[in-house]
Amino acid sequence: MKLLSTTLVVLAASILVAAQDITLADVLLPGFPTIPLELVPEYVKLYNMCQNSNINGTYVAVRYGDNNYTTFKYNQCYQYVIDGNKAEMAVFCKSVTCYNNLNPDCTGGAIPPIPFPFPEKLVLVNAADFVQLLGQGATCQQNSLPAL
């Protein structure tokens, strides 16, 4: 039964991503994060939304609540809650270095006062509302760290 349900998820994901810039096969290849199969269609949607943004410097696409999507560019305040909806899933299409901020408008200083690097293709899922524990927002800059 588990094999059948996994097969159905892969088939459904294939249909949903067929018209996108990256495909299910791309996501299952090395270099992409390992994520649960049921999240693959959402990952593909967010990754392509980020990559295809017409705004210069866009580095992440985020889903808030069930169906609110947006992108953020370098040095823009990436709020963890917008209009009462928490960031549920974020996909990074560029590598960045971020500081978590105390306040939702990204003021009040970084907490902790150290930068966090996030690599391209990373997916963050807000399991158990952990994002609220990190602060209220983040500001991210183009990653100046050398590639590994």
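Rules used throughout
Per chain, the residues get numbers from 1 upward, laid out in the order the sequence is written. Owing to the predicted nature of the model, reporting of local features is limited to residues with pLDDT of at least 70; listing and counting of side-chain atom pairs is limited to 80 or more, with chain, interface and lining totals taken over all residues. No hydrogens and no water enter the side-chain calculation; it runs on all heavy atoms of the structure. Count a disulfide wherever a pair of cysteine sulfur atoms falls within 2.5 Å. Strands are runs of DSSP state E lasting at least 2 residues, helices are runs of H or I lasting at least 4, and numbering of each runs from the N terminus. Here the aromatic set is Phe, Tyr and Trp, taking the six-membered ring for Trp, and pairing holds for ring centres within 6.5 Å; pairs whose planes are under 30 degrees apart are stacked, those over 60 apart are edge-to-face, and all others are tilted. Each residue is assigned to one of three classes by its accessible area relative to the maximum for its type, calculated with a 1.4 Å probe on protein chains only: buried under 20%, partly exposed between the two thresholds, exposed over 50%. Only buried residues count toward a nonpolar core. Its members are Ala, Val, Leu, Ile, Met, Phe, Trp, Tyr and Cys residues joined through side-chain atoms within 4.5 Å. Contact between two residues is taken to exist if any of their heavy atoms lie within 4.5 Å; hydrogens are not considered. A carboxyl oxygen of Asp or Glu within 4 Å of a side-chain nitrogen of Lys or Arg is what we treat as a salt bridge. Each residue carries a pLDDT score, the predictor's confidence in it, ranging from 0 to 100. Expected helix span is taken as 1.5 Å per residue step, with the number of steps being one fewer than the number of residues.

Draft legend 1. The arrangement of the state of the cysteines in detail. For the coordinates displayed, the defined rule picks out three disulfides. With a sulfur-sulfur separation of 2.1 Å, C77 is cross-linked through a disulfide to C106. Judged by the torsion about the S-S bond (80 degrees), the C77/C106 disulfide is right-handed. Taken as a pair, C77 in the loop between strand 2 (68-73) and strand 3 (78-79) and C106 in the loop between strand 6 (96-101) and strand 7 (116-118) lie far apart in primary sequence, 29 residues in all. C98 shares a disulfide with C140; S-S distance 1.9 Å. Looking down the S-S bond of the C98 and C140 bridge, the torsion is 110 degrees, so its handedness is right-handed.

Draft legend 2. Representation of the packing of aromatic side chains in the model. For the structure on display, the rule yields six aromatic pairs. Each ring, one from F72 and one from Y78, has its centre 4.8 Å from the other, and the planes form 25 degrees; the classification is stacked. As far as the burial class goes, F72 and Y78 line up, both buried. Taken together, Y59, Y74, F92 and F118 form an aromatic cluster joined through their ring pairs.

Draft legend 3. The nonpolar core, seen in detail. One finds Y59, V60, V62, F72, Y78, F92 and V96 to be the most contacted residues of the largest nonpolar core, which totals 16 residues. Looking at this core, the elements that each hand over two or more residues are strand 1 (58-64), strand 5 (85-92), strand 6 and strand 9 (137-142). With four residues, strand 1 is the single largest residue contributor to this core. Beyond its immediate sequence surroundings of up to four residues, F92 is in contact with Y47, Y59, V60, F118, P119, E120, K121, L122 and L124. Judged by nonpolar contacts, the second largest core, of 12 residues, contains I35, V44, V91 and C93.

Draft legend 4. Structural view of the pattern of salt bridges. If you walk through the whole model with that rule in mind, you get one salt bridge. Its salt-bridge partner being E42, residue R63 comes within 3.5 Å of it at the nearest N-O pair. In this pair, R63 sits in strand 1 while E42 sits in helix 3 (residues 40-51), placing the two residues 21 residues apart along the sequence. By relative accessible area, which is 17% here, R63 ends up buried.

Draft legend 5. Highlighting unusual backbone geometry. The backbone phi angle of D83 is positive, close to 50 degrees, even though this residue is not glycine. Within the secondary structure, D83 is located in the loop between strand 4 (81-82) and strand 5. Despite not being glycine, C106 shows a phi value in the positive range, around 65 degrees. The buried category is assigned to C106, whose relative accessible area is 14%.

Draft legend 6. Just the confidence of the model for the protein chain, in detail. Taken as a whole, the protein chain shows an average pLDDT of 77; of its residues, 72% reach a score of 70 or greater. When the criterion is pLDDT under 50, residues 1-20 qualifies, and its contacts beyond four places in sequence or with other chains add up to 17 contacts. Contacts of residues 23-30 to residues separated by more than four positions or lying in other chains number 15 contacts, the stretch itself having pLDDT below 50.

Draft legend 7. Molecular detail of helix 3. Compared with an ideal rise of 1.5 Å per residue, which puts 12 residues at 16 Å, helix 3 spans 16 Å between its outermost C-alpha atoms and is within 8% of the ideal. In terms of residue burial, helix 3 counts as a mostly covered element, since nine of its 12 residues are buried. Looking at helix 3, one finds that the buried residues are V40, P41, E42, Y43, V44, L46, Y47, N48 and C50.

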